[in-house]
Each structure stands twice: as C-alpha cells, then as structure tokens.
Amino acid sequence: MLGLAVFLTAHAQTTLTVTGRVTDETGQSLPGVTLLLKGSSNGTTTNAEGIYRLSVPAGNAVLVVSYVGYLSQEVVVANRSTIDVQLTPGDKTLGEVVVVGYGTQEKKDLTGAIASVSSKDIQKLPVSGVDQALQGQVAGLQISQSNGAPGGNTNILIRGIGSISGGNEPLFVIDGYPVTNSGIGNPLNTINPNDIESIDVLKDASSTAIYGSRGSNGVIMITTKRGKAGKARIEVDAYTGFQQVAKKLDLLNTRDFAQFVTEGRNNGYLDNVATGKVTDPNSVRPNSYQIPSILQGDLSKLPDTDWQDVIFRTAPIQNYQVSASGGTDKLRYALSGGYFSQKGIIISSGLERYSFRLNLDGKLSDKLTVGVTMLPSFTKIDDVSAIGHSGGAVVQAALSLPPYVPVYDANGNYTITYQPTEGDIAYPHPVQLANELQINGTQFRLFGNAYAEYEILNGLKFRSTVGADLNYSKNRRFDPNTYNPVSVLTNATATNSEATNWLTENTFSYKKQVGRHAVDAVVGFTAQNAYANSIQAQATRFPDNLIDNINGGTVNAGSEGTTVHTMLSYLARVNYSLNDKYLFTATVRRDGSSRFGADNRWGTFPSASVGWRVSEENFMKGLTFVSDLKLRASYGLTGNNAIGDYRAIGQLRDANYVLGNALAPGLGRSSFTNSLLGWESMKQLDLGIDFSLLNSRVAVTADYYDKRNTDMLFSIQTPSATGLTSALVNLGEVQNRGIELALTTRNTVKAFKWTTNFNITFNRNKVLAMSAETEKIFSSALGRQVYAVTQVGDPIGSFFGRRMIGVFQTNEEATTYGKQPFAKAGDFKWEDINNDGRIDDNDRTVIGSPHPDFFFGFNNNFSYKGFTLDVLTNGMVGQKIFNSTFSINTSGVQNQIQEAFDNRYVSPTQPGNGVYGRAIRGSRNNNTVFSSAYLFDGSFLRIRNVSLGYNIPTSVVNRLRLGSARVYATATNLFTFTNYNGFDPEVSGSGDDVRAAGLDFGTYPQARTITFGINLGF
C-alpha cells in the first residue's frame, strides 16, 4: 500500500491536466480542434464550446494545435494548467465548402464565379432582413435599401440590370428550395438572420445554369444552421437599442419662408398679369398669387415648426433568440425560436416577427439518411403612407407645409393646414395622416422540405426531396375623411392573399476519385407548381369613422384574381479534376414552363467552365511567396422567366355593347396570343483569377464579365385594325460588362490581429438593340411627365429631359438668347440640342444615369485578446438622383431646403450660385419641367456598421457555469458622406423596381441604429 501511494504521488507530480479554450482570429470558439502532445499519440479535441482537457507530462511538454483552414501552432505547457489558444487563418479559403446548386464543392475546385458570406458577417448587423446584412460584402452584388421603413424594400442586383420588362431580382434558394418574391412579401424578410449558417452568391453562367430559366439574374444560396453530433449546445442571443433618423433636411424657418413665398408669388404675378405691380393687394390678385395675410404681419409672433421633428421619433428595436443544437451520429438536431420588434422612426410604423426553425437529420442505416427543414414565421407590419410626391405622403407633407403653422391649435386639435382662399396647396397634416390613415398587414410564411438520401453504391447516391412554400397574408387600409383637407368620403380596403408553391426534386449524384482523376456528377428531375389567389373588397360612404373596416361602409367594389404556373426540368452537371489542378465543369438544364407560348415552352440552358490551378505546377514550386494561383473561364446560357403568368395567351376584358336600345354586357380581346413567346435569354462570358500570397495573408479574386440579355420582352405597335395597339414579343438586347475585384489581407497576425476585406465592382449597362417599332421606351411620373428613356446606346432607364446650362442673369440675356420667349432673369437656360432655334420637347436628351459607375465595400476586423472591433463601409459613385422635393417646392408655395434659398437667384446683384433659379409660381418658362437642374450627384460613402465586442475570459465563464459569453455594441448607418441634398442617396421612386432607381419622392429615410447585446452559450 505504501508503495502504491508513493507511485501515485510521484505520478501526480509528473503529470498535469491542462484545460483551456481554442478560438479563431475574432475570438469565437472553435469546436473540433485537434490538440496532440508532440511526439506521441496522446491527444484530444475541443467540444462545441471550444473547450479542451488533456493530461500531459509536467515540465516543458509541447502541444500541437491544428484545425482545417488555420495554421498549426506549437504551445509550450511550462507547467501551466490553463492555456487558451487563438488560431491564425492559413489557407482557410481553399478548404472551404461552398454551396452550389444541388450540391457542394470545395472552393479550390470552383471554376465559376461564386462568393461566400459567413454567419459571423451576417449576425453583426441588427437588421430585419438578410438582404440588408449583405450590403457591401460581395463584389458584383449591388444592394440598395430604397425604403427605410421596417421591412422596407431593398433592390438587389447581381451584375447589373438585364431586363426591361421582366424581373431583375435574383433567385433565392433556401436550404435547397428555390423561392421567389410572390408579390405578397419579400422572402428574405421572413428569415431570422441569426438562423443562417452561410450565404453563397452565384454570379456567372457556369454556376447559375443549373437553375436554367431562372438563373439569368444570379442565384443567392442561403443555408440555415444544422445540428452537429456532440454535446447539446444552447445559445441565447439578445439585443436592444434605439433608432433615430440619420439625417434631417435643413428647411426654411418662418422668416425665410415668408420671403421665399412673397418672392415666388410676386414673380408669378408680374410674369402672368401684364398690369400687375408688386404693391397690388390680395384683393386684386388671382388666388394663386395672393400673399398669405399671416405673412404680412409680425413674423416674430409666429411659430417656427420643423415638421420633421413631429413625424420622426426615437424608436426602439429589440431581438431575442434561443437556439439548441446537438445530437448523435444517428440523429442531429438544430432548432431555434426568435422574436424581433422594430418600431419605425416615423410615427405609427413598425414591424414584429416571430420566427422558428427546425432542422433534423437522421441516419436510419449505413446507407439511408433522412432530414426535415421547417422555417415558419409570422410577421405583422404597421405601415404609413410615407413615400410619394403627392399630398397623401407623410414625408412630402412634412417637407412642404409652412413652418408658421403650429402642430396643434389652442384646443389641442390638429391644426387645419389648408387655406384655399390664399393660394395654398392642399397638403394634409402629416401627424394626423400618420396616425389616422391605417395601413397594416400580417403574413404567415412556411418554408418546409423533407429529404431522403440513399447510398446505392460507394459514391453513388439517390436523393429525393419534397417541399412547400406556403404564404398567407392579410392587408387592410382605412382612409378616414379627417386627415385629407379636400376629401369628404371615408374609404376602406381589405385584401386576403395566398400563395402556395410545391416542389419535388429527384437527383442521382456520383463522386469518385481514381488515381489522378476525380469526378463529381449529378443528374436529376424536378417539378414545381405555384398557385396564387387574391381577393379584395372596397367600401365607401361610411357614416362616421368609428368602424375602421369595410363592414362600416357600403361595399362598392370587389375583385378576385388567381394564377397558376408549373415547371418541369431535367438537369445534369459534371465536375472533373485531373491531378487536382486541371478542372472542368459542364452543366445543362432543360426547363418547360407554362408561362410561355405553346410552341416555345421548352428551353435548354448549357454552360461550361475550366480552371487551372497554376500553383500546383512544378515550375511554381520555387515561388514560395505564392500560396495559391488559379485561372478560370466560363461561358453559358441562362434564362429569365419572371414575366408574369398568361402573357402568351390572348386574354379577354369587359366590353359592353349596344343591343337594340339597351347596353348589353360583353367581352373583348385585351391581348394577342403569341404561341412563340419565350423567356429572355442571357449569355455570359466570365474570365477570372484567384490567387493568394505570403502564406495566404493576401488573397485576391478578380473577374471580367460580359453579360448579354437577348430575346427581351417588348410591346410592339400593331395596326389599329386588329382592335389592339400593341403585342408582346421577344426582341432586343442589353449588355452588362464589368470588372469585379475582391481583396482580403491579414495585416497583423500576432496578439493584435487586423484583417481587411475590400471589394469593388465596375459595371457598364447598355441597350444594344430594340424593335424597329419601339425605338424608345419612356418612363413617366410627376403627373405623367417623362423623366427617363430606354434606348439603344444608353443604360436602361437613363434620365431624359432638358439640359440646364445656366440661369439667366438679366432680362437682356434672356432676350438675346432668343430661344425661350417667356424667359426672364432668374429662369433656367436650356440647351438647344437640335439647334433649331427654339426650346421644346425635341430638345430633350439623356442627361444622366441612375446607375453608379462603381460600387464598393470595405470591411476591417480587429481583435486583441477578448476584444473585437468590426467596421464595415460601403458606397456608390457616379449615379444621379432626381430630387422631387426641390423640384416641387421651387414655386414659392411649399417649404424649401435652405441650400436652395441661400443660393437662389434674386436679382442681378444677388445672382445666386448659378444652380438654383428664382422663386416663381406659375413660371411661363416652365422652370419645373424635368431637367438636369433637378439632378444631383448621388455618390456616397457610408459607415454601414461598427461593432465592438468582448468575449468573457474562459476562467470567468467557467465560474458562471457557461460555455461562452460575449457582450457587444453595434452602430448601424453611423455616418454617410455625400453631397446629395436629400435624406438619403439610396432611393427608388417605386420601391423594388430597379428601373425607377434614382427617383426621390420624399423617401422614408434610413435610421441610425445603436444596439447593445449579449450572447450566452450553455
């Protein structure tokens, strides 16, 4: 016994139990890291929390720590019992697995243009949708948040606009299920960003051809988190914070407004009334030129109301999520539940979302694996009528109303904002409009699929998947007659919509390596059916505003619409690798769609790509500073079927006719049948290079692409004898050509770590061909005023109008110019484009593009011990913006931005800066016609996100009986550097229509958001 005790004591003195946590370069725990005692087989791996425990000999034992994608480290124990290790990335990207259509590939084997974003990069941003989290993070991916409302629109483009009449939105594939925007909700707004494991963006034809007729706009693959075998892990993530409008406009105070209005109405009166004099009283002036009597008294007694202060608020935002994952080799699970709430910075707006996720994977035998994915969510949105240049929009009303009007009268009621006797324009009270106009809706959406995969032979597998996307929404609008100064009727609308999408996919995959040859192939068959139905009812003539739904009024209108479309597809892809350095991929898909003409329902979409891993050649072995070098080339054909249903079929409309002496109901043709109508096609060439240097401390990906969309949908003119004026056909061609560059550098790799990611994209959009019958397509707004044109030689949706070349300084100068007979000093001077000696609509020309010359993202990640700091910036350069607020408010009626007032033309001795004309109501020179005078540079640099975090030390975490703990603070939209004089340079006049980019109709501004959060692991 004594001998045994002596032996045990001696053994205890010569062995040591070492524990600690292994983390990545950002301080996040790494599970599955291998730790070996150098020179022996004694070792262990870290658990789900990155924690390890290992017994080693006391003294100077050495641990070898290794993990895929990171540099191995040797750590001397030196009798320490607690050793935390932070690994440094090595050739990490080469071993990364990228999700592609119907499979995965290692990044080193890719021959197509694919970019990846990890869950860590997504979860840093407190946003409601995944699309907002992708801004600035991927070369070639242009995302603009055109609406700052909770759940608001984002415009997403991959390598430019390719379609004039069809959709431009990429295809989203969520856990293998292709989904689209059904028209009743952005699918990305229903997914909790915390549930996402990775996002892969497929950009070239080689990577998107596997999706055939839906691949021309690119594909975004979203993979949610799945369970891993091991100890159960529970995570709690919570943050809360506040939002404020990022920028307010500098508007006129009462004194400046009074001067501006007086000038505008006096100038208009003198120009339009030959006998008019400035001293004429209101009693002899037409209504439009009367100067409000309130502005002719003591201005110091009037209030200075900034209406922005009463519609904007400090709004809370909060998010809570609990997740659990784990399992065994036989069954793995991952589930989560989340609640997200975001009040809007405009009063009465907000969003709430309840989300749930369940992923199960079970191995029923050595050959059979099954799995289930379910992603249900429920979203509630309270909206406001914020965007628009008419009187029914909150933002435009707040920017237009006079500052001398108080918010409430002496009795605490909303002030009447409209005085028709003195030439006022009928703008509603913005606070009353936001509070009393009810626009709200709910949406339930369920993504779900189930799969079974059977290994027939070694390397040969059959996989069958069935899935559904179920979408149900209810929307209602109640318009009381209280907020609109000229409305006498109350109206209500209720809409119920449903969309169901069913999919089945059956594929065989084969993966085999024999010596120097490696093959990875897939063939399959898919079938998909989409059904949508919408029922709407409207009511009016409410006796009062107490009942705020259609039951309170008289139902005066109703409608119902139903659409169905189906698609059958065959697909195949083969990846071949020789010596792990010569790579080849060929893909083909054949789609049949019910959307197209009976004689043109099937299309074939092939692609091919090659890659050469030059760094694996013997002649490169001496260049030790080159870690990896690969050349890529691809070419292929994809399609765009986003044209809507039944457009190839001749349709009917109501067409009453006279029978005898009575009106009889009938039907008439509303469109032609076109049995040859097909999808728009896209041919794309991509040339790329991937290389990394200095042990992968510098990594570069560069691509040149030439993308040509042909067979675009056009409406051509038809003889009137047919009874119709136009027909839909496939004609025309659009080109997008550009360069993408992505750069990653690990600047410092020791205790203080600094990594930089930079991407930039140059894209040129050009219309190459249109139909002979339709040489130009005009876009209209602002009371049917043309503002844009699509024509050969220019980008889609180019701004189209008169070119302003100055401001007339004197009446003599205007007379001498001789081309604008009604022009006076202070009016805009237009360029005579056709040199015919007069200015008219024939002098309209392309005056700018709403598309940027280039856009970029710049992300810096810093870490030191437990601290992390991430700074993401993004920007666009070269695009123009039409500011309708300035255009509308130049007449001296509504309020105006201070910049326009300070720099306006007043007289030859006060000429302004030559950009802003005089204030005038009813300009005979038509100063408010669409022109370059109202186009402004929309270039910007935005500090998109700053996130500061701290990982609680392992010693503290262990005492708290936690697996991990992290606290963080995040600021989003912190600063925007721009010369644009509106709220925000990311604007669109019609929400998610990218062809209406660059129109600022009083947009819902983006918010500056500050949040504080905590992440706990158990």
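Residues numbered from 1 in each chain as written. Predicted model: local features only at pLDDT ≥ 70, side-chain atom pairs only at ≥ 80, totals over all residues. Heavy atoms only, no water.

Chemist: Looking at this structure, I do not really get the overall build of the protein. What am I missing?
Modeler: Secondary structure summary: the protein contains 13 helices and 53 strands in total. Dimensions along the principal axes, computed over C-alpha positions, put the protein at roughly 125 × 70 × 65 Å. Excluding contacts between residues fewer than 6 apart, the proportion of contacts in the protein whose partners are at least 24 apart in sequence is 69%. Here the protein displays about 42,500 Å² of accessible surface, and carbon together with sulfur accounts for 56% of that area. Looking at the protein, you have 88 positive and 86 negative side-chain charges, and the mean spots of the two groups are 6 Å apart. (Helix = DSSP H or I, 4+ residues; strand = E, 2+ residues; numbered from the N terminus. Contact = heavy atoms within 4.5 Å. Areas by Shrake-Rupley, 256 points an atom, 1.4 Å probe, with all protein chains shown as cover. Lys, Arg positive; Asp, Glu negative; His and termini not counted. Charge placed at Lys NZ, Arg CZ, Asp CG, Glu CD.)

Chemist: Can you walk me through the sheet that holds strand β41 (residues 785-791) in this structure?
Modeler: Within a sheet, each strand pairs with its neighbour through backbone hydrogen bonds, oriented either parallel or antiparallel. Pairing is antiparallel in the open sheet, where four strands are placed in the order β40-β41-β42-β45. Looking at strand neighbours, the two that pair on one side only are β40 (776-781) and β45 (845-848), the edges of this open sheet. Put simply, the sheet's adjacent strands are angled 45° from each other on average, direction ignored. (Pairing = 2+ DSSP bridges. Axes fitted to C-alpha atoms, helices over the stretch in contact; angles between N-to-C directions.)

Chemist: Hey, could you run me through a nonpolar patch on the surface in this one?
Modeler: A surface patch of nonpolar side chains, about 520 Å² in accessible area, is lined by Tyr635, Leu685, Leu687, Tyr704, Ile739 and Phe762. Among the secondary structure elements, Leu685 is positioned in strand β34 (residues 680-693). Leu685 gets classed as partly exposed once you look at its relative accessible area, which sits at 31%. (Patch = residues over 30% accessible without salt bridge, like charges linked within 9 Å, V, L, I, M, F, W, Y side chains within 5 Å. Salt bridge = Lys/Arg side-chain N within 4 Å of Asp/Glu carboxyl O. Buried < 20%, exposed > 50% of the residue type's maximum accessible area, 1.4 Å probe, protein only.)

Chemist: Explanation requested: the nonpolar core in the structure shown.
Modeler: It is characteristic of soluble globular proteins that their nonpolar side chains tend to be buried jointly. Among the nonpolar cores identified, the biggest contains 75 residues, and Leu295, Ile346, Tyr787, Phe799 and Phe882 are the most heavily contacted of them. Of all the elements, helix α8 (residues 394-400) adds the most residues to this core, at five residues. Taken together, domain 2 (260-306) and domain 3 (799-952 + 967-1008) each give at least three residues to this core, which thus spans both. In terms of nonpolar packing, the next biggest core, distinct from the first, is built from 27 residues, Ile143, Val201, Ile222 and Phe447 among them. (Core = buried A, V, L, I, M, F, W, Y, C linked by side-chain atoms within 4.5 Å. Domains from an automatic or database assignment.)

Chemist: Please explain the domain arrangement of the protein as it appears in this structure.
Modeler: Accessible area lost during the coming together of the parts is what is often quoted as the interface size. Partitioning the protein into structural domains gives domain 1 (15-86), domain 2 (260-306) and domain 3 (799-952 + 967-1008). Its C-alpha centre places domain 1 at a distance of 58 Å from the equivalent point of domain 3. Facing the six residues of domain 1 at the interface are five residues of domain 3. Buried surface at the junction of domain 1 and domain 3, summed over both partners, amounts to about 350 Å²; 28% is from carbon and sulfur atoms. (Buried area = accessible area lost by both parts, 1.4 Å probe.)

Chemist: Any chance you could explain the packing of aromatic side chains here in plain terms?
Modeler: Aromatic ring pairs are described here by two measures, namely the spacing of the ring centres and the angle between the planes. Taken as a whole and assessed by the stated rule, the structure comprises 27 aromatic pairs. Taking the centre distance of 5.5 Å and the plane angle of 55° together, the rings of Phe605 and Trp679 count as tilted. Taken as a pair, Phe605 in strand β28 (residues 602-613) and Trp679 in the loop between β33 (667-669) and β34 lie far apart in primary sequence, 74 residues in all. The same class applies to Phe605 and to Trp679, which are both buried. Judged by centre distance (6.0 Å) and plane angle (80°), the rings of Phe828 and Tyr934 are edge-to-face. Taken together, the residues Phe828 in strand β44 (residues 828-830) and Tyr934 in the loop between α12 (898-902) and β49 (935-937) connect sequence positions 106 residues apart. Of the two residues, Phe828 and Tyr934, both sit in the buried class. Here the aromatic residues Tyr787, Phe799, Phe882 and Phe930 are joined through ring pairs into a cluster of three or more. Between the NZ or CZ atom of Arg463 and the centre of the ring of Tyr451, over which it lies, the distance is 3.9 Å. One Lys or Arg, Arg844, reaches over the ring of Phe778 and ends 5.9 Å from the middle of that ring. (Phe/Tyr/Trp six-rings, centres within 6.5 Å; stacked < 30°, edge-to-face > 60°. Lys NZ or Arg CZ within 6 Å of the ring centre and 35° of its normal.)

Chemist: What's the story with the pattern of salt bridges in this structure? I'm lost.
Modeler: Scanning the entire structure with this criterion turns up 40 salt bridges. The partner of Lys108 in a salt bridge is Asp109, with the nearest N and O atoms 3.2 Å apart. One salt bridge connects Arg632 with Asp703, and the closest N-O pair in it is separated by 3.0 Å. Pair noted here: Arg632 is in strand β29 (residues 626-640) and Asp703 is in strand β35 (residues 698-710), with a separation of 71 residues, a long-range link.

Chemist: Would you mind showing me how to read the sheet that holds strand β1 (residues 15-23) here?
Modeler: The strand order across the open sheet built from three strands is β4-β1-β7, with neighbouring strands paired in mixed fashion. Two strands in the sheet have a free side with no partner beyond their single neighbour: β4 (51-57) and β7 (85-86). Strand direction decides the pairing type here: β1 and β7, joined by two bridges, are parallel. Across the sheet, the residue bridging to Val22 is Val85, located in β7.

Chemist: Hey, could you run me through the side chain of Gln105 in this one?
Modeler: Among the secondary structure elements, Gln105 is positioned in strand β9 (residues 103-106). Setting aside its immediate chain neighbours within four residues, Gln105 contacts Glu96, Val97, Val98, Val100, Leu110 and Asn575.

Chemist: What exactly am I supposed to notice about the environment of Arg944 here?
Modeler: Note that Arg944 resides in strand β50 (residues 940-951). For Arg944 and Phe858, which are 86 residues apart along the polypeptide, the C-alpha to C-alpha distance reads 9.7 Å. Apart from residues no more than four positions distant in its own chain, Arg944 is found in contact with Leu125, Val127, Gln132, Gln135, Gln145, Leu872, Thr873, Asn874, Ala971, Thr972, Asn973 and Gln1006. A distance of 2.9 Å separates a polar atom in the side chain of Arg944 from a polar atom in the side chain of Gln135. (Polar contact = N/O pair within 3.5 Å; in protein donor to acceptor, adjacent residues only side chain to side chain.)

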